[in-house]
Every structure is written in C-alpha cells, then in structure tokens.
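Structural overview
Spelled out from the first residue to the last, the chains are:
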Amino acid sequence: MRLIDIHTHSLKSDGNLNIVDAGTQPIADTPCSIGIHPWKIDDSWEESFNTITELSAVRNVVAIGECGFDLIKSNASEELQYKIFIAHAELAEYRK
C-alpha cells in the first residue's frame, strides 16, 4: 500500500493541480480528498465514515484523506485514531 502526504488545503493560482481537503463532503468539479481529520473525530465518526465510503466513488474524489494521527490536539484516543486510520487506508486500497 502506498501512502502519500499531500497535505493540501487549496488550489494553487499558478494552474498546478492540487487536491483540496473536502472533509466529508466532496466539492463539485474540484479534485478533492474526503476523510475524517483526527481533530474532527467524534461519536458519529462511523456515520461520517459510511458517508465517505459512499461518496468515495464520486468522479472528482481522487484520494482518501486527510486522516492520520494527532496525539496532541485530537480528543480521540490513540486506539480510536488507529482504528479510523486503518479504515481510511483500507478504503483507499479498495478504491485505487
């Protein structure tokens, strides 16, 4: 499995293609990634992840993310962040 840290939040004005972090809802006609950021993990994460799974098939969703670990600012436990990260990685592998 190949992991890429793109960490891009906006399109560049110079015409280079970037991927916008769209959170859990794709942005129309813009190449975007969807995922649950570690800061946004809450009790409804499974519902959000189900939405992400369904929307990952949308044409302009080109990546799964932003996901990962933040052991400083996230309120979620390390174990929960790991579980959600693995779910993202498996979805990305399935959608490749």
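Structure: above.
Described below are features of the structure shown in this document. Because the structure is a prediction, the values reported are computed rather than measured. Residue positions within a chain follow its written sequence, with the count starting from 1. With pLDDT at 70 or above as the cut-off, local features in this predicted model cover only qualifying residues; side-chain atom pairs require 80 or more to be listed or tallied, and sums for whole chains, interfaces and linings still use all residues. Excluding hydrogens and water, the side-chain values take into account all heavy atoms of the structure.

1. What about helix α1 (residues 45-55)?
Residues separated by three or four positions in an α-helix point in the same direction, a consequence of the helix having 3.6 residues per turn. The condition is simple: Relative accessibility under 20% of the residue-type maximum defines a buried residue, over 50% an exposed one, and the middle range a partly exposed one, all with a 1.4 Å probe and only protein chains included. What counts as a helix is a DSSP run of H or I of at least four residues, what counts as a strand is a run of E of at least two, and both are numbered from the N terminus. The arc in question is traced by the directions running from the helix axis to the C-beta atoms. Residues count as neighbours in contact if any of their non-hydrogen atoms are within 4.5 Å of one another.
Residues of α1 that are buried include every one of Trp 45, Phe 49, Ile 52 and Leu 55, and no others. Across the axial projection of α1, the buried residues extend over an arc of 125 degrees, all falling on one side. Of the residues in α1, the exposed ones pointing more than 90 degrees away from the buried face are Glu 47 and Glu 54. Contacts made by the buried residues of α1 are with β2 (32-34), β3 (61-64) and α2 (78-95).

2. Here's the deal with the sheet that holds β3
The criterion, for reference: Each pair of strands is called paired provided DSSP finds at least two bridges between the two strands.
The strand order across the open sheet built from three strands is β1-β2-β3, with neighbouring strands paired in parallel fashion. Every other strand in the sheet has two partners, leaving β1 (20-21) and β3 as the edge strands with one partner each. Bridge analysis of β2 against β3 gives three bridges, and the strand direction is parallel. Each bridged residue has a counterpart across the sheet, and for Ile 34 the counterpart in β3 is Ile 64.

3. Examining the nonpolar core
Put simply, the test is: The set of buried Ala, Val, Leu, Ile, Met, Phe, Trp, Tyr and Cys residues whose side-chain atoms join them within 4.5 Å is what this entry labels a nonpolar core.
Counting 15 residues, the largest nonpolar core has Ile 34, Ile 36, Ile 41, Trp 45, Phe 49, Ile 52 and Leu 91 as its most contacted members. Those elements that provide at least two residues to this core are β2, α1, β3 and α2. The dominant element in this core, judged by the number of residues it contributes, is α1, at four residues. With sequence-adjacent residues up to four places away left out, Ile 41 is seen in contact with Ile 36, Ala 76, Leu 80, Gln 81 and Ile 84.

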